[in-house]
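These are the residues of each chain, in order.
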Amino acid sequence: MNQMDQTKFCCSVCLDLLKDPVTIPCGHSYCMNCIKSFWDEEEKEKIYSCPQCRQTFTARPVLVKNTMLADLVEELKKTGLQAAPADHCYAGPEDVACDVCTGRKMKAFKSCLVCLVSYCEKHVKLHYECPAFDKHKLVEPSKKLQENICSRHDEVMKMFCRTDQQSICYLCSVDEHKGHDTVSAAAERTERQRELEVSRQNIQQRIQDREKDVKLLQQEVEAINQSADQTVEHSEKIFTELIHLIQKRSSDVKQQIRSQQETEVSRVKELEEKLEQEITELKRKDAELKQLSHTEDHIQFLHNYPSLSALSESTDSSSINIRPLSYFEDVTAAVSEVRDKLQDILREEWTNISLTVTEVDVLLSQPEPKTRAGFLKYSCEITLDPNRANTQLLLSEGNRKVTYVNQQQSYSDHPDRFTFWQQVLSRESLTGRCYWEVEWRGRGVYVAVAYKNISRKGRVNECLFGHNDKAWALNCNNNSYTFWYNNIQTRVSRPRSSRVGVYLNHRAGILSFYSVSETMTLLHRVQTTFTQPLYAGLWIYYNYGDTAELIKVK
């Protein structure tokens with residue numbers, strides 16, 4: 001047989017010709033002692049594997065000598081040839097070489113932590129076969145075995161100094177590490193192994209938590225995309241309906257104008273025809289009278305005059321009121337007024353729509369800010385709505401400042417106006433994360449947020465900020481702060497400040513009031529669920545001249 005053929009009859013454990021060859025269930029063959037020793041090492045794990053293909057067997061296979069293979073090996077031995085290892089079995093520059101091999105060294109199969117020597121598959125056999133090596137620890141081939149040798153005493157380091165947190169040999173423990181807290185390396189390993197397992201458990205738990213978070217975020221992305229698609233579809237449908245409604249109204253106005261045009265033209269034509277008939281009759285009568293005036297027979301003249309001089313009843317034309325080019329112009333003016341109102345509504349509501357879109361926010365793990373600079377990142381421009389202001393409130397500074405005055409303001413009638421209490425709401429709705437500041441002067445003011453559907457009419461609690469379930473309010477006066485919700489008050493023990501900051505995280509259900517000075521002092525925080533957009537509110541309730549202003553923060 002040639003060399004290539006001989007390698008087929010070599011044991012991959014000892015790299016020698018097979019001795020008492022056995023074939024295991026996966027089809028690979030080994031020396032009976034080699035595979036026994038290999039499986040004896042795996043006995044602790046109760047899992048048996050093939051050294052070549054790594055296929056595992058839950059039960060240890062029964063080994064039976066392969067007589068045919070044994071005969072072939074005996075025939076090979078008679079030739080006097082020995083199998084040579086293949087080139088890939090020799091150690092390269094990057095491999096751990098067998099310390100026992102002479103000449104060209106084989107790749108190390110195991111390293112012994114007791115001998116501090118690396119062995120190829122052939123030379124490691126003694127560690128599997130000889131009971132004297134039972135307590136030796138075999139590990140995967142390592143180039144760092146010399147790191148286990150004490151550089152001072154040239155002894156194997158089998159101890160660990162907990163005082164200095166380093167590995168030492170037994171001579172070190174009675175020399176420079178005398179009196180230190182020293183233990184065997186095995187004991188320290190056991191302790192660290194327990195810590196390692198705890199760390200692994202923590203890591204695995206964090207992995208599970210993060211995998212859950214990733215899954216939640218993936219669901220969030222899907223929900224965002226689905227919500228965006230549905231909203232685009234719904235908004236397009238709503239705008240299409242609005243366009244159709246305007247087109248329908250345009251068609252109705254056009255039809256109504258044409259119908260009225262036809263009616264008016266018909267009425268004028270009818271009157272015109274009557275007048276034309278009357279003109280014809282009058283012309284005929286005038287001709288007859290003219291002819292009569294030329295009659296020379298006096299008796300004939302007198303006889304015919306009475307009948308010819310009688311005129312028919314004249315058509316009444318006193319109601320004709322000519323208005324050149326001004327018949328349907330009032331309709332144009334009315335339509336223009338509708339257009340202007342619609343533009344105002346769209347301009348106002350577009351701001352709300354745009355803010356609502358840009359404030360769509362996935363609630364990630366972002367804590368509430370701690371500094372004023374952090375809060376200012378969420379600052380929003382808010383103005384007060386004249387249509388939602390009590391008539392004793394004067395708005396100024398671009399509808400950001402409100403003053404309690406002793407004179408009714410000439411606001412137009414509006415269903416959103418507070419009719420009794422001196423309260424006002426913002427024009428803009430508030431969703432997402434928002435922050436604004438209120439500067440107040442006087443004896444007292446309520447700084448509030450409220451739903452749009454809070455009651456407005458009358459002297460009842462349903463209209464008052466903080467005295468129902470439609471609004472949350474902080475009562476600020478010269479003596480103290482008091483938080484109100486659903487007619488329940490909560491006293492706040494904090495230093496008084498003339499400026500109050502309000503932080504809203506609508507989706508998270510967080511509403512916080514802060515005293516603003518050199519630092520941000522939390523006055524009161526609400527954790528709830530907001531079911532509608534909110535509006536900023538102010539209620540000045542003590543003296544004429546008291547003011548509150550939504551500050552333009554920078």
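From a predicted model like this one, the values you see are computed outputs, not experimental measurements. (Residues numbered from 1 in each chain as written. Predicted model: local features only at pLDDT ≥ 70, side-chain atom pairs only at ≥ 80, totals over all residues. Heavy atoms only, no water.)

**Let's talk about the environment of arginine 459**
Moving on, step 1. If you trace the backbone, arginine 459 turns up in the loop between strand E15 (444–451) and strand E16 (471–477).
Moving on, step 2. Spatially, the C-alpha atoms of arginine 459 and phenylalanine 418 are 9.6 Å apart, while their sequence positions differ by 41 residues.
Moving on, step 3. Here arginine 459 is in contact with Phe420 and Trp421, once residues within four sequence places are set aside. (Helix = DSSP H or I, 4+ residues; strand = E, 2+ residues; numbered from the N terminus. Contact = heavy atoms within 4.5 Å.)

**Topic: the sheet that holds strand E7 (residues 138–139)**
Moving on, step 1. The three strands lie next to each other as E6-E5-E7, forming an open sheet whose pairing is antiparallel. Each edge of the open sheet is held by one strand with a lone partner, namely strand E6 (117–119) and E7.
Moving on, step 2. Summarising the sheet, strand E5 (residues 110–112) and E6 pair through three bridges and their orientation is antiparallel. Residue pairing in the sheet places serine 111 in a bridge with serine 118 of E6. (Pairing = 2+ DSSP bridges.)

**Digging into the sheet that holds strand E18 (residues 488–492)**
Moving on, step 1. Taken in spatial order, the six strands of this open sheet run E13-E22-E15-E16-E17-E18, and their pairing is antiparallel. Edge positions in the open sheet fall to strand E13 (423–425) and E18, since each of these has one partner strand only. Between one strand and the next, the sheet's axes are offset by a mean angle of 20°, whatever the strand orientation.
Moving on, step 2. Judged from the five bridges that link them, strand E17 (residues 481–485) and E18 form a sheet pairing that is antiparallel. Following the sheet pairing, tyrosine 485 is matched in E18 by isoleucine 488. (Axes fitted to C-alpha atoms, helices over the stretch in contact; angles between N-to-C directions.)

**A look at the packing of aromatic side chains**
Moving on, step 1. Within this structure, the stated rule accounts for 19 aromatic pairs.
Moving on, step 2. Measuring from ring centre to ring centre gives 5.2 Å for tyrosine 446 and tyrosine 541, while their planes differ by 70°; the resulting arrangement is edge-to-face. Residue tyrosine 446 is found in strand E15, and its partner tyrosine 541 is found in the loop between strand E22 (534–540) and strand E23 (547–550); the two are separated by 95 residues along the sequence.
Moving on, step 3. Site record: aromatic cluster; members linked through ring pairs are Phe420, Trp421, Tyr446, Trp539, Tyr541 and Tyr542.
Moving on, step 4. One residue, arginine 443, lies across the ring of tyrosine 542, its end atom 4.2 Å from the ring centre.
Moving on, step 5. Its end group placed over the ring of phenylalanine 418, arginine 456 keeps NZ or CZ at 5.1 Å from the ring centre. (Phe/Tyr/Trp six-rings, centres within 6.5 Å; stacked < 30°, edge-to-face > 60°. Lys NZ or Arg CZ within 6 Å of the ring centre and 35° of its normal.)

**A look at the nonpolar core**
Moving on, step 1. Grouped together as the largest cluster of nonpolar side chains are 38 residues, with contacts concentrated most on Val402, Trp436, Trp472, Leu474, Leu511, Phe513 and Leu538.
Moving on, step 2. Beyond its immediate sequence surroundings of up to four residues, leucine 538 is in contact with Leu384, Val402, Gln422, Gln423, Val424, Val438, Val445, Tyr446, Val447, Phe465 and Ala548. (Core = buried A, V, L, I, M, F, W, Y, C linked by side-chain atoms within 4.5 Å. Buried < 20%, exposed > 50% of the residue type's maximum accessible area, 1.4 Å probe, protein only.)

**Overview of the pattern of salt bridges**
Moving on, step 1. Counting across every chain of the model gives 26 salt bridges.
Moving on, step 2. A salt bridge links arginine 507 to glutamate 220, with the shortest nitrogen-to-oxygen separation between them at 2.9 Å. Taken together, the residues arginine 507 in the loop between strand E19 (499–505) and strand E20 (510–516) and glutamate 220 in helix H6 (residues 185–293) connect sequence positions 287 residues apart.
Moving on, step 3. Arginine 284 is the partner of glutamate 288 in a salt bridge, and the nearest nitrogen-oxygen pair spans 2.6 Å. In this pair, glutamate 288 and arginine 284 are both assigned in helix H6, four residues apart and thus about one turn of the helix distant. (Salt bridge = Lys/Arg side-chain N within 4 Å of Asp/Glu carboxyl O.)

**A closer look at the state of the cysteines**
Moving on, step 1. In this structure the tally under the stated criterion is zero disulfides.
Moving on, step 2. Its sulfur unpaired, cysteine 31 is 3.8 Å from the next cysteine sulfur, which belongs to cysteine 14. (Disulfide = S-S within 2.5 Å.)

**Focus: unusual backbone geometry**
Moving on, step 1. Its identity as a non-glycine residue notwithstanding, glutamine 165 has a phi of 55°, on the positive side.
Moving on, step 2. Along the chain, glutamine 165 turns up in the loop between strand E8 (159–161) and strand E9 (166–168).
Moving on, step 3. Although it is not a glycine, asparagine 486 sits at a positive phi angle of roughly 55°.
Moving on, step 4. Checked against the element boundaries, asparagine 486 lands in the loop between E17 and E18.

**So, the UniProt feature "domain: B box-type" (unreviewed entry) in the chain**
Moving on, step 1. Under the UniProt annotation, the feature "domain: B box-type" (unreviewed entry) is placed at residues 145–185.
Moving on, step 2. Helix makes up 12% of residues 145–185 and strand 22%. Its end C-alpha atoms lie 15 Å apart. (UniProt positions renumbered as here; feature names shortened; annotations may be inferred.)

**Looking at the confidence of the model for the chain**
Moving on, step 1. In the predicted model, the chain carries a mean pLDDT of 87, and 92% of its residues have values of at least 70.
Moving on, step 2. Of all the helices and strands in the chain, helix H1 (residues 3–7) carries the lowest mean pLDDT, 54, while E13 carries the highest, 97. (pLDDT = per-residue confidence, 0-100.)

**Some points on the pairing of E22**
Moving on, step 1. Within E22, seven of the seven residues are buried, which leaves it mostly tucked inside the rest of the structure.
Moving on, step 2. In this structure, E13 lies alongside E22, joined through three bridges in antiparallel fashion. Bridged to glutamine 423 within E22 is tryptophan 539.
Moving on, step 3. Pairing of E15 with E22, which is carried by seven bridges, proceeds in the antiparallel orientation. In the strand pairing of E22, tyrosine 446 is matched with tryptophan 539.

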